[in-house]
Amino acid sequence: MASSALGGWGAVFRGEARRFWRRRGQLGVYAFYAVVLAYLVQLVEPAPAPRQYIALFWISALFINLQLGAQAYHQETRGHMLFYYWVVPPEVMFWVRALVNSLMQALVMGLLAVLFMFFSGPLPVGLWGWSGLIGLSSLGFGFAFSLVSAISRFGRHPFVLMSILGIPTIIPLFYTVIQLHLALIGGSAPMRMWLTLPALWGIVAVMGTILIPYLHRH
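Residues numbered from 1 in each chain as written. Predicted model: local features only at pLDDT ≥ 70, side-chain atom pairs only at ≥ 80, totals over all residues. Heavy atoms only, no water.

**Observations regarding the overall build of the chain**
Helix and strand counts for the chain come out as 8 helices and 0 strands. Counting from the amino terminus, the chain carries its helices and strands in the arrangement α-α-α-α-α-α-α-α. Accessible surface, the chain as shown: approximately 11300 Å² in total, 72% of it carbon and sulfur. (Helix = DSSP H or I, 4+ residues; strand = E, 2+ residues; numbered from the N terminus. Areas by Shrake-Rupley, 256 points an atom, 1.4 Å probe, with all protein chains shown as cover.)

**Focus on the environment of I134**
If you trace the backbone, I134 turns up in helix α6 (residues 127-153). Ignoring sequence-local partners within four residues, the contact set of I134 consists of F57, W58, A106, M109, G110 and A113. (Contact = heavy atoms within 4.5 Å.)

**Section: the side chain of T176**
By the secondary structure assignment, T176 is in helix α7 (residues 158-185). Aside from chain neighbours lying at most four places away, what touches T176 is T196, L197 and L200.

**Side note on the packing of aromatic side chains**
Note on aromatic pairs: each is described by the distance of the centres and the angle between the planes. Scanning all chains against the criterion turns up 11 aromatic pairs. Centroid distance W95 to F143: 5.0 Å. Interplanar angle 80°. Geometry classified as edge-to-face. You can see W95 sitting in helix α5 (residues 90-120) and its partner F143 sitting in helix α6, a full 48 residues away along the chain. You can call F143 buried: its relative accessible area is 0%. (Phe/Tyr/Trp six-rings, centres within 6.5 Å; stacked < 30°, edge-to-face > 60°. Buried < 20%, exposed > 50% of the residue type's maximum accessible area, 1.4 Å probe, protein only.)

**Observations concerning the confidence of the model for the chain**
Put simply, the chain has an average pLDDT of 76, and 72% of its residues get 70 or more. Per-element confidence in the chain is highest for α5, whose mean pLDDT is 86, and lowest for helix α4 (residues 78-87), whose mean pLDDT is 58. Here residues 1-5 is modelled with pLDDT under 50, and outside its nearest four sequence neighbours on either side it reaches 0 contacts, counting other chains as well. (pLDDT = per-residue confidence, 0-100.)

**Considerations on the environment of P124**
The topology assignment puts P124 in the loop between α5 and α6. You can call P124 partly exposed: its relative accessible area is 26%. Spatially, the C-alpha atoms of P124 and P50 are 5.5 Å apart, while their sequence positions differ by 74 residues. The residues contacting P124, other than those within four sequence positions of it, are P50, Y53, I54 and W130.

**Regarding the environment of G140**
Along the polypeptide, G140 turns up in helix α6. Here G140 falls in the buried class, since its relative accessible area comes to 0%. Here the alpha-carbon distance between G140 and W201, two residues 61 residues apart in the chain, equals 4.4 Å. Setting aside anything within four residues of it in sequence, one finds G140 in contact with L173 and W201.

Below is the structure:
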């Protein structure tokens, strides 16, 4: 039973990843957007101090992730949604889309980090610490933006709802990742700070698992 369930999840994940890849022209747009952002940051602050470097990077990442995350539930027709509702449980679809979204955001943020190194100099924190932060934050942003995208998809004014709902959902994640990054400059961050990010995206994941089936029914 467990192996068949995992196989089903894998098939849905591959299907969603392929659907995302068919819109790879849009991914190219986000990559170009990352280049432009990194270049503009270099023009505004050619040699940023570590704190400025970190703040500018995560602000740039937030702008890119906002656009990328909005696609989770806004790139399909009503018929497509009904088909998925009958074939795949809504909570499974939420998890799959959030994980695909997280993967895409991690790739784009990795590209943004390389661009920042090229335009603004070496990363203020070691590569492993930076990679860990990108991995944890991409999971948080992936689940949070997927949840907000799903809620706004069923509203009358979806993009207004995206803006309103994104504030309480994203700000805690955004603040936490910056504070964790700043703590790493001083050497090492306490375990409590490392556990805060998984706790936040875990809360969002549980919220989505409970709320998404209700949204699909109503």
